[in-house]
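The chain contents come next:
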Number of protein chains: 4
Amino acid sequence: MGLRTVEQYKTSLRDGRLVYFRGERVKDVTQHSVLGVAVNHAAIDYEIAHQPEYRDLAVSVDAATGQEYSRYFSIPTNAEDLVKRSELIETSTRLGRTLVVLIKEIGTDCLFALHLLSRRMDEELGTNYFARVRAIYEHCRSDDLAMAVAQTDVKGDRSRGPAEQEHPDYYVRVVDRQRDGIIVRGAKVHTSVTPNANELFVIPTRNLTAADADYALAFCIPLNTPGLKQIASPYGSGHDNSFTHPISSRHKMMETLTIFDDVFVPNERVFMNGEWQFAGALARTFVQFHRFTAISYKLPLLDLLIGSALLIAEQNGIARVSHVREKLTWLISYAETVRMLTKMAAMHCSLEDGIAIPDTAAVNIAKLHFASNYHEALMRVQDLTGGLLVTAPGEEDLRNPETGEYIDHYLRGAGGVSAEQRLRTINLISDLTTGDFGGYQSVLAIHAEGSLEAEKLTILREYDQARVKSYARWVAGDST
Amino acid sequence: MGLRTVEQYKTSLRDGRLVYFRGERVKDVTQHSVLGVAVNHAAIDYEIAHQPEYRDLAVSVDAATGQEYSRYFSIPTNAEDLVKRSELIETSTRLGRTLVVLIKEIGTDCLFALHLLSRRMDEELGTNYFARVRAIYEHCRSDDLAMAVAQTDVKGDRSRGPAEQEHPDYYVRVVDRQRDGIIVRGAKVHTSVTPNANELFVIPTRNLTAADADYALAFCIPLNTPGLKQIASPYGSGHDNSFTHPISSRHKMMETLTIFDDVFVPNERVFMNGEWQFAGALARTFVQFHRFTAISYKLPLLDLLIGSALLIAEQNGIARVSHVREKLTWLISYAETVRMLTKMAAMHCSLEDGIAIPDTAAVNIAKLHFASNYHEALMRVQDLTGGLLVTAPGEEDLRNPETGEYIDHYLRGAGGVSAEQRLRTINLISDLTTGDFGGYQSVLAIHAEGSLEAEKLTILREYDQARVKSYARWVAGDST
Amino acid sequence: MGLRTVEQYKTSLRDGRLVYFRGERVKDVTQHSVLGVAVNHAAIDYEIAHQPEYRDLAVSVDAATGQEYSRYFSIPTNAEDLVKRSELIETSTRLGRTLVVLIKEIGTDCLFALHLLSRRMDEELGTNYFARVRAIYEHCRSDDLAMAVAQTDVKGDRSRGPAEQEHPDYYVRVVDRQRDGIIVRGAKVHTSVTPNANELFVIPTRNLTAADADYALAFCIPLNTPGLKQIASPYGSGHDNSFTHPISSRHKMMETLTIFDDVFVPNERVFMNGEWQFAGALARTFVQFHRFTAISYKLPLLDLLIGSALLIAEQNGIARVSHVREKLTWLISYAETVRMLTKMAAMHCSLEDGIAIPDTAAVNIAKLHFASNYHEALMRVQDLTGGLLVTAPGEEDLRNPETGEYIDHYLRGAGGVSAEQRLRTINLISDLTTGDFGGYQSVLAIHAEGSLEAEKLTILREYDQARVKSYARWVAGDST
Amino acid sequence: MGLRTVEQYKTSLRDGRLVYFRGERVKDVTQHSVLGVAVNHAAIDYEIAHQPEYRDLAVSVDAATGQEYSRYFSIPTNAEDLVKRSELIETSTRLGRTLVVLIKEIGTDCLFALHLLSRRMDEELGTNYFARVRAIYEHCRSDDLAMAVAQTDVKGDRSRGPAEQEHPDYYVRVVDRQRDGIIVRGAKVHTSVTPNANELFVIPTRNLTAADADYALAFCIPLNTPGLKQIASPYGSGHDNSFTHPISSRHKMMETLTIFDDVFVPNERVFMNGEWQFAGALARTFVQFHRFTAISYKLPLLDLLIGSALLIAEQNGIARVSHVREKLTWLISYAETVRMLTKMAAMHCSLEDGIAIPDTAAVNIAKLHFASNYHEALMRVQDLTGGLLVTAPGEEDLRNPETGEYIDHYLRGAGGVSAEQRLRTINLISDLTTGDFGGYQSVLAIHAEGSLEAEKLTILREYDQARVKSYARWVAGDST
C-alpha cells in the first residue's frame, strides 16, 4: 500500500470501533469535536512523509524491494539509525507543538521488543512466535498503520501479584484457549492514541510467576475487534481558542480505559501465551525502547520552555537582571543535559540479534533527570512570566474596541512589543505550564513510560558495581 | 448596619459597575455564569458570621458601642489578636476548599497599613490623612463592606521608574488636582475580587522619587465610580462538573485589569497625594500585613495536599512502601514548617502606634519556604496518585450502565474502596494540581503578595547582620 | 557541694579511669595534649556559673533549700523553662566557638527521660525505679557532676535484633544478676565526653522484644568503675595553631568506643533491668529531649556560618553582587527557620507528669531541616570565600619578614582590611567547613542525636493524619 | 631527551628554586616531609609512561621523527584524540587515588590555548608569537618537562579592573620593557604544582581594557628564575598514617602564592606583551581546555564515592534497605551524568586551526553539574557510613592487644567482614569526605578551573537562543 495520505488514514478510522466519550458512544472519531483534534494531531505522522523538507528524515526505502515506508518502521541496526529515529521523533513532536504524535513511535517500540523476545522464546522454549511477529510487522509497515500499545494493567492492590487479587481480572488474562485462537478478558489503563490507531498491541506490564501463567500474554488486534471497548478520558478537552490556548486548541492525545470483554484473538496474532518467564523481559525491553522515544520527544518541550522564557524575559524588560539570567542558565543546563544524554543513549547503543538497543544508563538517567526537575523548571518559567499567566484579559477583550485600546495602551512590553504579542507569549506559557495541558505534561513527565521509581530501579540494577567496589577496596588498602 | 447577610451582600453588587468579560459587558455579576461563582465564593465571609460554630471566631464586639462587626476589621493590638485573625483567615479559606475568600482580608490589611502611614505622614508633613483613614475605616466596618485592593501597576519597562517610561500612564497617577478632589488615570493589574467588592483601595507599588510625585497616590472609591472599568480575566472559567472539578466548579476568584479612565476621587477619600517619600513605606507595610494573610490562607491548601496524598496512597495500596512514606514525610515537614512559622509570625509581632505587626523575618521566610517548594510538593502528590490524574473516565461514563460496570469492576482501590471513591480522590488531586485551578494555585504561590525575589530582598534587608559578624570576628580572633 | 569550680572539676577527673588513646593508656586526661583540650572545653559549663554576666542564665536556686545549682539540672515544667534551657545551651556553645559543651546537657536530657519512664514502669509493672532515679538525680545535681550518656550499641548486622546476632554481645546486656547488683557486658560507640565526665548513663538504643529482655537495661556508673574501658578516637587531634585553626585548636569533644568488660552495677544505680516493653519508649523519650538540646546548640554554628559569610563577602569586595546576596539570603532563611522552629518547640511543649516535653513535630522538623541542608550551606559559604580556604600561606609565612611583606601587600581585602584580618576570616571558614573540624560538624549534622531517617520516621508517625484526611474526603465529595 | 624516568624528574627539581613552607625556605623539595609527598605523587605521570599496561595510553610517537613522547603533549586534532586524552587524565588520577597529577595536564592545556591565540594575534596584529609558542612547546615536549600554570591574580578589590586598584600590583604586570626581555612584577594565587614543576606558564585571568595594557601578559619561565618566589600553603599537611588517611598520607598537591619580584623574562619566552584585546580570549581558551581536563580527572573521585558507598552499605548490612538504594541510585546518576557529558564534550568537539576544542556546552554543564551537587553527594555517602567516620579508634588501638581484641569483637561488619576491613572502608570515606583532604576536594569542586558563576555565564553566553526563541514565536502564533 505504501505511504498513506492523511485522508486514507482518516478513512481507516471509520471502522465501527466502540469508543465512549463522556457517557456517549462516538459515531465517528474523525468528526468528533474532541477526538477529531486528536485525529488531526496524529495525522502529522502521515503529513511529514509527503513534505519535501522532511522526506529524507521520515521515509526509508526497502533495499530489497525498493518500496518506500515510514522510517518509524526501520529497525535500528547501529548508532546512526537510532540518532535518525530520535531526530524523526523530535521533528514530528516539534510540529505537534511539543505534543508527541505517537501513533507510529510506540507501536514500533513494541515491535522491536517483540522481535527480540519472540526469537528468544523460540530458541529457549521451541515456540514459533518470531514468524508471527515478522508477519504482523510486515502488515503494519506495508499498510502504513497507526498503532497503539496497551501495557499498564489496572492492577488492583499493588502489593499483590495478578493471581493474588480480590478478583482475577485486575490484569488482562486468557480465559479460554481455543483451537484457532484465545479469548482474552481484562482492562488496561492509560492507553494512548487508541481511538485513532488501527492496531492495538497488548503486552505484560511486570514480572510474573508460574502461578500467573494466564496473565503472560502478548498479542495484536485491530481496534474494531468485537468485544474491544474504549472509554476515552475527557481530561483536557474543550479548549478551542488558539489565542489563549495556542497548543491545546490544536493538539490533543487521547487516553482510554481499554476493556477486553472476552475478545477473540486468532493464533497468528498471539506472541506470548503463558510463557511467564519472559513477561518481565518483554515489558522491560519495550520500555527500554520506549523511554528512548520519550527522551527524544521531550526535547521540543524543553526547547519551548527555554524559548518562551527567553522571549518573555525580553518582553518584560528583565533579560539583563541577574536572577533572571541565573534562572535562564538553569533551564538551559537542564534541557541540554537531557539532550546530550539522549544523543549518548543512541551513540552508546548495544547490539542484540542485530538490533541496536539504546544505552540503558543513558536512557534512564536522562528520563529521570527530565522528570525529577520538570516541576522546578515550570516554577522558573512561571516566575519569569508574571501573574498575567492567570489574570490576563481574553481575546474578545482585545478585539472589542471599547476595551482593546486600554489593553493596547497598558499591556505593551519592552522594546516596542505590542500588547498582543506579549499576551501571545504569556498565553503560550500559560497553556504550557498552568492549565489542563500544562498539568497533562507535568503528569506525563513523572508517569509516562514508567515511574520515577522504576527508572531508579533500572539505574541501580544495571550499574557495574564490581568495577567501583574493587577500586574502593584498592584505595582503602583492603587486600581481601 | 451591622453584619450583612449573603443576600444584602449580593444586592449591593448590582450597582451599575462596569465589568467586561470576554468582550462583553456583564449585566449583573451575581447572575453571571462565571462571575456568579466568585460571588457565591466570596459570600463565605458573610455566611460564617451567622453560623453558630464560627461566630466566636468571625465576630467582634465594639467595646464602646456594643455593636457587632466582622472580626476582619478588628485592628490587632497583640499576638493573640494576630493568632485569631490568622485562624479566621484559615477557617474561611478551609470553607472555600483552599481558595481564599479575600474580600475582607485584603482590604483590612490595607486599612491597617493606612492607619500607620497616615499617622506618620500627618506627624512628619503636617497632612491630615489619619482622620480620613479613620472615617473610611468606620464606613467599611459599620457597613460590613467587601473590599478590593489595587496595587500592582502595569509597569511598562520594568527597569525604569514611573516618570521615565515611554508614556506617562504605566503607573496610576494624578492628572488633575481640583478644589474638592483629584482626577486619576492609569491601570492596575491582578486586582483580585474587584468584580464582587464594594470598595476599591488604591495604593502605590514601589519606592518613588521626587520626580514621581504625581504617582504617589492612595485612595478609596466605590466600584461603580464613573470612569472605573474592569476587564475580568477568563482564566479558569467553565468548569462546572463537581465530580471532575470538586473545587473549581464551586469556588472562583476573579482578577481584573482595572482601568482608571480619568476617575474623580473626592478629597475625603484621598490618603496620599504627592507624598512620594512615603510611597515605598506604604507599599511595604501593606505587603507585610498581606503576606501574613497569605501564609495564613495557604494552610488549608497545604493540609489538603497532605490529606489527599495520604488518602490516595491508601486507596492505591502503597501507603507502607518506603519511598511513599519518604514523600509523605517531606510533605508534612514542608507544610508544618509553614504552619509553625506562621504562628511564630503572630507571636513575635512588634508594636507600632498600638498596632501589632507580624514579625517580618517569620512572615517572609514562611512565604518563601511555601513558594519555593510548592511545585516540588505538587510533583510528589502527583507521583503518589498516578496517571489516572489525566486519563480517568468522566462522570457520565461512571453513570452510564454500559460503561459504569466496567469502571466499577476495574478501577476499585485497595481496602474495599469503590471506583467512585477512588476517582473522587484522584479528581480532587487533579483539580488541585493539574488543571486551571492547579495552575492558578501554582502561579499564586510564586507571584501573589510579591515575588520570590521581593521576599528574599526583605529577608536580607531586615536581618541583624551586626550580631553575627561580631561573633564571627571574635571567633576568628580578629580584634580590629 | 554546690557549684563546682573549674579546678574542682579537673581534679575529679584524676580518678584512675581507664582511657586509651592511639594505643596507649592515658595517665591523666587533664594533662594530655589532646584530651586536655577537651577538658578545658568542657570546663566552660563550670566557668559560666561563676561569671556575673551569665549567672542568671546558668544558675538556679532550689526553692526549698535555697541552694544554688546549675540550671541544666532544672527540670522544665513549662514553656519558659524550656526557652531558658535552650538559651543556656546556646550560650555555652557560643562560648565554645560553636562546639557544644555537652557534659551537663546530655546527662540531664537522660535524667528527664528517666524521671518519666521510671514512674511509668513503677505504675505499670510495680517496680521501684523512680526513687532510684530521684536519688541519682540529687547526687548529680548537688555534686554538680559532669555526665556522659552511652546509648548507641555497636549493632553488628543492622537487619537483626540483639538476640539474633552472630554473637550475643553486639548490644549491651546483663550477663549475671546478683543479690546486690548486675554484671554488664558489651560496648557502645560514639559516646561523647566520656573521658572527661564523672558519671556515665547507659540506656537502650531501640525497641526490644521479649527475646531481648537481657538487653533491656538502664543504669549509671562512675567513669572509674572497674571493667569500664574507653578507647578514645584520635579523629581531629593535633591542630594547635590558633591562626589557621581558630576553633579546633581551642575546643574539642572526645568520643569513645566504651567497653563494658563484665562491669558490676549496684542495684541502686539500675533503672531498667529486663523491662523490654519500655526500652523503646526510654530511647525515644531521651532522644526527644536530646534533639531539642541539639537544635539549641546548632544555633551558634548557624550564626557563625552567616556571620563569616557576611564578613568574607565584604572583605572580598563582593557584598553587593546579586548572586552573593542570593546566597546570603539563603543562609539566613536556613538558619532562622531552625531558630524559629526551636523556639516553637519550647513554646508548644506538652506536659507529662509535670515535666515539659518539647513539641515533637517542631523538634524533629527543625533537626531535619538543619541536617538535610547543612552540606549545601557549607557549599555556599565556601563559594563566597574562595580558593584561599585551602591554598593560603601559614602563620609563620606571615610572621617571617622575608615573606610577610608580600602577603601584606598582595592579600589585603576590600575596604582597607589587612591581609592578616582577611586570612583570619578565611582560616575561620576553613576550620569551620573544610578540615577535621568542618568534617566533624558535617558528620554530626547528619548522625548525632539520630539519623535523618529516624527523624523522618518520627515526623510521619506523630502527625495527625485523621484531621487532614477527613478534610480531603470532604473536599472530594466522598461521603463514605 | 625522550621520556624521563622518575629519578631524572626528581633530580631536575633540585635547581635552587626559592620555596617557603611555614616560614622556612625549603632546601630540597624532593626530600621535604610534605613537599616530598607531592613530588612522589607527581611522579605518577613519569611512571606510567614506563609501565607496559599504560604505555599505549601514555605514550605517543612523533610521526616525523619516530621519537616517543608523553601523550599529554599530543595536540588533539579530532574527537578520538580528546577521548584518549581524557582517558589518560582519568587513568593517572585513578593511580593518584582520586588526586589529579596535573604536572603535564595543565601545562598542555595552556600550550594548546597559546597555539590558537598566538596564531590569531600574529594574523590580526602582525606579531610573531606563534613561532615562540612552537619553540617552547618543542622544548617542553622533547625534554618531557613538568609544567605549572599561574593564572589567578590576587585581584584586590574585585569590583575594579587592574588599573583601577588601590595599588598597581594586584594583577601581574610589566614594569619595564628592555631590549632583550621584560621585567615582571606581581603575584598569582592558587598556583598548583609549582614547587615540583620545571616550567611556569603565566597568562591573564580576565578581559582587559586599553588602560590595562601592561597587564596583558603571557610568558613562560623556569621555576628557578631569579626573583620568582613561592610561598607554599601548609593546608592539609601532616597526615602520615595510611590506615586513617589512605589517600592523603600518600598523595598531595601543593599550591603556592607565587611572587614575581621584578623577574626578567627573555623575549623568546614572551607570548603576549600588551595585546590587551586578546587577554580575555586567551584566558577563556585555556579554561575551556582546562575544564575538560577537570571533568576528566573528577571521574575517579566520583567512582570512589560510589564504590565506597556500595562497600560500606554492604559492610553495615543495609544494602537492601530502600532509602539506602535510593541514595546509591542518586550517586550513580550524578556520577554517570558527569561521565557521559565528558564523553560528549570530546565527541562534539569543534575544530579551529586544526586543533580539536571540547564542546563548550558539554564541558561547562558537566562541570557545573559536578560542582553544584558535590556537597550533596558527600552528605549521602556520610549518611550511609555512620558516625564512626569521626569516632573510630586509631590504628594503634587496633594493633595494641589490650584494646585490639575488643575492636575485633565489636566493630565487625555484616557478612563476615573483619573490623579492620570495615574500619579501612570507613577511614577511606573519612579521608575522602571529612578531613583536610575531603575539605580540599570540596573546595576544588567549586573553585578550581573557574567558579560556579563563571560556568553559568559561559553556558548562557554560548547557547543558541535564536533557535528556541523562533520556535516559541511560531508556537505562540506571533508572526512578527
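Computed from a predicted model, the values in this text were never measured in an experiment.

**Q** It is not clear to me how the overall build of chain A should be interpreted in this structure. Could you clarify?
**A** Assigned secondary structure in chain A consists of 18 helices and 14 strands. At 24 Å, chain A has a C-alpha radius of gyration in line with the 23 Å of a compact globule built from 480 residues. Here the C-alpha coordinates of chain A stretch approximately 75 × 75 × 55 Å along the principal axes. Sorting the 480 residues of chain A into buried and exposed places 63% on the buried side. For chain A, restricting intrachain contacts to residue pairs at least 6 apart in sequence, the fraction spanning at least 24 positions comes to 75%.

**Q** I keep staring at the environment of Phe437 of chain D and nothing clicks. Help me out?
**A** Residue and element names in this part refer to chain D. Within the secondary structure layout, Phe437 lies in helix 16 (residues 436–447). Expressed as a C-alpha distance, the spacing of Phe437 and Met254, which sit 183 residues apart in the sequence, is 12 Å. Aside from chain neighbours lying at most four places away, what touches Phe437 is Gly236, Ile247, Ser248, Asp431 and Leu432.

**Q** What's the story with the relation of the copies chain A and chain B in this structure? I'm lost.
**A** Between the two copies of the chain lies a relationship made up of a rotation around an axis and a movement along it. Laying chain A over chain B is done by rotating through 180 degrees and shifting 0.0 Å along the axis; what remains is an RMSD of 0.0 Å. The two molecules are tied by a two-fold rotation axis, judged by turn and shift. Minimal C-alpha separation from the rotation axis in chain A is found for Gly435 of chain A, amounting to 2.2 Å. Comparing interface residues between copies, 100% of those in chain A also sit at the interface in chain B, which points to an isologous, same-surface contact.

**Q** Would you mind showing me how to read the sheet that holds strand 10 (residues 228–232) of chain B here?
**A** Sheets are built from strands paired through backbone hydrogen bonds, the pairs being either parallel or antiparallel. Residues and elements named next belong to chain B. Taken in spatial order, the six strands of this open sheet run 2-1-10-11-7-6, and their pairing is mixed. The open sheet terminates on both sides in strands that have one partner only, identified here as strand 2 (24–25) and strand 6 (173–177). In this structure, strand 1 (residues 18–21) lies alongside strand 10, joined through four bridges in parallel fashion. Paired with Tyr20 across the two strands is Ile231, which belongs to strand 10.

**Q** So what exactly am I meant to see when it comes to the packing of helix 17 (residues 452–462) of chain B against helix 10 (residues 322–347) of chain C here?
**A** How two helices sit against one another is set out by the angle between their axes and by the gap between those axes. Two numbers describe how helix 17 of chain B lies on helix 10 of chain C: the axes approach to 9 Å, and their chain directions differ by 75 degrees. Considering the angle they form, helix 17 of chain B stands roughly perpendicular to helix 10 of chain C. Counted together, Lys456, Ile459 and Leu460 of chain B of helix 17 of chain B and Arg325, Glu326, Leu328, Thr329, Ile332 and Ser333 of chain C of helix 10 of chain C form the full contact between these two elements. For the contact of helix 17 of chain B with helix 10 of chain C, the per-class residue count stands at four nonpolar, two polar and three charged.

**Q** Looking at this structure, I do not really get the interface of chain A and chain B. What am I missing?
**A** Interfaces are often described in size by the accessible area the parts lose on coming together. Across the contact, 63 residues belong to chain A and 63 residues belong to chain B. With eight residues, helix 16 (residues 436–447) of chain A is the single largest residue contributor to the side of chain A that touches chain B. A breakdown of the residues in the side of chain A that touches chain B according to their chemical character gives 25 nonpolar, 25 polar and 13 charged.

**Q** How should I be thinking about helix 11 (residues 360–385) of chain D in this particular structure?
**A** An α-helix turns once every 3.6 residues. As a result, residues three or four positions apart point the same way. With 26 residues, helix 11 of chain D should cover 38 Å at 1.5 Å per step; its first-to-last C-alpha distance of 37 Å lies within 8% of that length. Within helix 11 of chain D, 24 of the 26 residues are buried, leaving the element largely enclosed by the surrounding structure.

**Q** Would you mind showing me how to read the relation of the copies chain C and chain D here?
**A** Least-squares fitting of chain C to chain D yields an RMSD of 0.0 Å, with the transformation described by 0.0 Å of translation along the axis and a rotation of 180 degrees. Taken together, the interface assignments show that 100% of the residues at the interface of chain C recur at the interface of chain D, consistent with an identical surface on both copies.

**Q** So what exactly am I meant to see when it comes to the domain arrangement of chain A here?
**A** Residues and elements named next belong to chain A. Domain annotation for chain A reports domain 1 (6–282) and domain 2 (298–470). The partner domain 2 presents 23 residues to the 27 residues of domain 1 that form the contact. Looking at the side of domain 1 that touches domain 2, the elements that each hand over two or more residues are helix 5 (79–95) and helix 6 (105–125). The element best represented in the side of domain 1 that touches domain 2 is helix 5, accounting for eight residues. Residues that form the side of domain 1 that touches domain 2 fall into these classes: eleven nonpolar, twelve polar and four charged.

**Q** What is the right way to look at the pairing of strand 8 (residues 199–202) of chain A in this model?
**A** Residue and element names in this part refer to chain A. Here strand 8 shows no split at all, with Glu199 and Phe201 on one side and Leu200 and Val202 on the other all buried. Relative to strand 8, strand 5 (residues 147–150) runs parallel, the two sharing four bridges. Opposite Met147, over in strand 8, you have Glu199 as the bridge partner. Sheet topology note: the strand 8/strand 9 (residues 217–222) ladder contains four bridges and is antiparallel. Following the sheet pairing, Leu200 is matched in strand 9 by Ile221.

**Q** Just to check I follow, could you spell out the interface of chain C and chain D for this structure?
**A** Contacts between the two partners involve 63 residues from chain C, matched on the other side by 63 residues from chain D. Elements with a minimum of two residues in the side of chain C that touches chain D: strand 7 (181–192), strand 11 (255–266), helix 11 (360–385), helix 12 (388–391), helix 13 (395–399), helix 14 (401–410), helix 16 (436–447) and helix 17 (452–462) of chain C. Looking at the side of chain C that touches chain D element by element, the count peaks at eight residues for helix 16 of chain C.

Calculation criteria
- One numbering rule holds for all chains: residues counted from 1, following each sequence as written.
- Labels are handed out in written order, letters beginning with A for the chains and numbers beginning with 1 for the ligands.
- A pLDDT threshold of at least 70 governs which residues receive local features in this predicted model, and a stricter bar of 80 or more applies before side-chain atom pairs are shown or counted, although totals over entire chains, interfaces and linings include all residues.
- What counts as a helix is a DSSP run of H or I of at least four residues, what counts as a strand is a run of E of at least two, and both are numbered from the N terminus.
- As defined in this context, the radius of gyration uses C-alpha atoms, and a globule is described by 2.2 Å times the residue total to the power 0.38.
- Comment: burial labels come from other C-beta atoms within 10 Å of the residue's own C-beta, placed from the backbone, where a count of 20 or more is buried, 12 or fewer is exposed, and between is partly exposed.
- Contact between two residues is assigned when their C-beta atoms, built from the backbone, lie within 7 Å.
- Least-squares superposition of the copies uses the C-alpha atoms of those residues scoring a pLDDT of at least 70 in each of them.
- Strand pairing is assigned whenever DSSP detects at least two bridges linking the two strands.
- Note on geometry: axes are C-alpha line fits, over the in-contact stretch for helices, and angles between N-to-C directions span 0 to 180 degrees.
- Should an angle fall under 35 degrees it is called roughly parallel, over 145 degrees roughly antiparallel, and 65 to 115 degrees roughly perpendicular, with every other angle called oblique.
- Gly is put with the polar residues, along with every residue not named as nonpolar or charged; the nonpolar set is Ala, Val, Leu, Ile, Met, Phe, Trp, Tyr, Cys and Pro, and the charged set is Asp, Glu, Lys and Arg.
- Every helix has an expected span of 1.5 Å times one less than the residues it contains.
- Start and end points for every domain follow an automatic or database-based domain assignment.

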